[in-house]
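# Results of the structural survey
Below, each chain spelled out in residue letters.
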Amino acid sequence: MDKSEVQYLRRRRIYTGVYHLVVLALFLYLVLSPETKNPVGGKSGKMLDFSAGWTVNGEENVDLDDITAYQYGGSVTMQKRLPDTLAYNDLLCFTTANLRFTVSIDGEEVYSFDRPANLTGKGYGIAYHAVNLSPEQAGRTVVIEGDSVYDNHKSGRVYTPQIGSDAAFRYYLAGRSMISILFSIGMLCVGVMMILLFVFIPKKQRMRREIVSLGAIAAIIGLWTTNDTGILRLLTGNVVADRVLDHALLHLLIFPLALYISVNTKERKLSYLRMVAALTAADFSVSLILRYGFGLDLAWTTPLLAAYYFLSFTVLGMMLLSDRKYCREHNITVERGLANAGVIIMTVSIALDVIIYFAGVRSMQGRSYFMRFGFVVFIALILVQTVRWWITDRTTVHRDRFVNRILQYAVSASDPETSLHAMLEYLGTELQADRAYIFEEMPDGTFDNTYEWCRKGVSAEINNLKGLPYEGVVDAWYNEYRKSNNILIYDIEAYRSVSEGMYNVLKPQGIRTLVTGPMEANGKYIGFFGVDNPPPDAMREISEIIRLLSFIFAQLVMHREEQKRLVRYSYYDAMTGCRNRRALEEFEKNRLDPAKPYGFVMCDINGLKQTNDTLGHEAGDALILDVSSSLIEVFGAENVYRTGGDEFVAYVRRDGTPAFDADVARLRAMLAERKRSAAVGAVFREQGDADYEKVKSEADALMYEDKRKYYQGRNDRRSS
């Protein structure tokens, strides 16, 4: 980690620490401050819906759930006749929003509600009320006279009036929003658990920062949506906490969101996080100044909140665009589809609520209806995206370690053959497969199984898989490689309908599942490799590993072929295909066992100079090739060496002298049949001979004697 990275992390921790101190101070204030409560209490029982049939400011048959005081100029008088029968434990229970009021029964005041200004202003938010009733009040007229606590504010209402016990009223209210309550509390619990999880994650894990920032986002959204359902007020009756949470939480949301985006960007740039921190500080400062400096109720600061969100999301958008440009310039691929969708949905939902607010539409219960929905969708999508990133990170780390280990095997051995065998063993063992193998295309166009590793107890198939035809068998895989770069077979029986020819090859081997990939060199497939019977649940990951290793295996095979060519250049005669003098010296030094019976043959072509002089070098080359091919046919290509322009030798293993003499006689007959002549000297040692130089000298002497007889009496007799 370089110096700039360290400074970036240190400064970000400072901003995060300041943010947490602000949240902690707010929490302590709410816990330690005096509470103004209006809890509902009493006995349980059934509820009677009392919302319809009211007379409001002279308008008859009005449903209280459908109106606000604002529709009547800010002040309302609501009256309705009580039921003809009441029990001693019956209560008139209802909910109000930003309304001060009195309740009278037949002109006698029995209940009133008004509160002094709280931390956020004079707004009450949602409040729950229970007015005691008695059987003597049955059939009388109840009158509710109320005024909106805000002048010219589109609020102030009474809704959900019911008659019954307080416990039944609680149950009724909770049931109306049960799905929202459960979902909100669930999100809050998820956020708290993620923040707690932060403590147990090792400090060096990058996911720590994602976890704590995402946990803060989930906790804030969960607490805000839970509070907005009214369940906290219903349970505690705490006006201060309800109002402060309602106004403060949305101002606290942006910074952890910015922190989350910051830790998931590849471009380490702190300026955007500073801008969001500055906007958050400015938003809080202006809100406090307006509230305590000018006495403005926070309910009127919604435009300020909208401006704060607009500017903050602009900065976050700039951060994402800058990071996208950085990733494009550095060829970095990051999958952010769900995260982007969540941000878009949340932005659109906030914009809709701003439009609804300024348009004066009040047909929905509560504020920020779409914002709540957007937040819920956002946190769900961002959580899924984070889990995907986490899984991808872990998978990538595991895959990288796997590939790095394979690379170690690839470069650790001095020759490609050893590397390929070691890589297949590691591949099969780590991927829990039965077999790992390589098939290569042969010069005749068929395919051979050239390398194989088998798990203990699994029979080898390498000797049974030679000469696989391209047409009708391998062509099916090559066509699939061109489409998807790999083959995944989850069920061998189902694969039969895809390629009958390949099915007939695979089925006898006991293959149930399979993953293979091509080996490609210079834009052409040279074969394929893969594993048999890996675990089905790991096959997708295995296919990605196979894809990454495709180049490595192909290069090793090509390197092996190049090494073979170099060996041929070093140890073989390019013209005849026989081994050369260097190969002879290496054989005599390292591989000749002079303790066992062996024969040595020396051969010198007769008349090569005359053929070159009279018929040309092409005829001379044909003469050399005829003699060398005769030697190879009789003694084997691995035993024949060209030691000079017209000189060849051969080391021969035979059971005894008769077999060796028969081979020499067959060579002479073959040369005569081809109308070629060569002097031959042959020596065989029944008991072996450690002094192979002496054996060679004897054979050389015999060869020159044979040559002397050939040239005896000839005019073209060559010297020596």
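Here's a quick rundown of the structure. (Residues numbered from 1 in each chain as written. Predicted model: local features only at pLDDT ≥ 70, side-chain atom pairs only at ≥ 80, totals over all residues. Heavy atoms only, no water.)

## Considerations on the overall build of the chain
- Within the chain, the regular secondary structure consists of 21 helices and 19 strands.
- Out of the 720 residues belonging to the chain, those deemed buried represent 46%.
- As presented, the chain carries roughly 36,200 Å² of accessible surface, and 56% of it is formed by carbon and sulfur atoms. (Helix = DSSP H or I, 4+ residues; strand = E, 2+ residues; numbered from the N terminus. Buried < 20%, exposed > 50% of the residue type's maximum accessible area, 1.4 Å probe, protein only. Areas by Shrake-Rupley, 256 points an atom, 1.4 Å probe, with all protein chains shown as cover.)

## Topic: a nonpolar patch on the surface
- A grouping of Ile289, Phe294, Leu296 and Trp300 is seen on the molecular surface, where their side chains present a nonpolar patch of about 410 Å² in accessible area.
- With respect to the helices, strands and loops of the structure, Leu296 is situated in the loop between α8 (271–293) and α9 (302–329).
- Under the relative-accessibility criterion, Leu296 is labelled partly exposed at 31%. (Patch = residues over 30% accessible without salt bridge, like charges linked within 9 Å, V, L, I, M, F, W, Y side chains within 5 Å. Salt bridge = Lys/Arg side-chain N within 4 Å of Asp/Glu carboxyl O.)

## Regarding the pairing of strand β14 (residues 514–521)
- When you tally the buried positions in β14, you get seven out of eight residues, the bulk of the element.
- When β14 meets strand β15 (residues 524–532), the two strands line up antiparallel, connected through eight bridges. Across the sheet, Glu520 pairs through a bridge with Tyr525, a residue of β15.
- Hairpin connection of β14 to β15: two residues between the antiparallel strands, including Asn522 at a positive phi of 55°. (Pairing = 2+ DSSP bridges.)

## Description of the sheet that holds strand β10 (residues 157–164)
- The sheet built from four strands is open, its strands ordered β1-β10-β5-β8 with antiparallel pairing. Both outer strands of the open sheet, β1 (48–49) and β8 (126–132), are each paired with one neighbouring strand and no more.
- Against the sheet, helix α2 (residues 166–176) engages β5 (91–97), β8 and β10, with an angle of about 130° to β10. (Contact = heavy atoms within 4.5 Å. Axes fitted to C-alpha atoms, helices over the stretch in contact; angles between N-to-C directions.)

## Section: the pattern of salt bridges
- For the coordinates displayed, the defined rule picks out 27 salt bridges.
- Asp434 is the partner of Arg455 in a salt bridge, and the nearest nitrogen-oxygen pair spans 2.6 Å. Taken together, the positions of Arg455 in the loop between β12 (447–454) and α13 (470–484) and Asp434 in the loop between α12 (416–430) and β11 (435–441) put the pair 21 residues apart, joining distant regions of the chain.
- Classification of Arg455 as partly exposed rests on a relative accessible area of 38%.
- The closest approach of N and O atoms between Glu500 and Arg496, which form a salt bridge, is 3.2 Å.
- Among the charged side chains, a salt-bridge network with shared partners connects Arg435, Glu452, Glu461 and Asp532.

## Let's talk about helix α16 (residues 539–571)
- For α16, spanning 33 residues, the distance from its first C-alpha to its last is 45 Å, which sits close to the expected 48 Å at 1.5 Å a residue.
- The sharpest bend along α16 reaches about 40° and sits at Leu549. (Expected span 1.5 Å × (residues − 1). Bend = angle between axes of the 7 residues up to and from the residue.)

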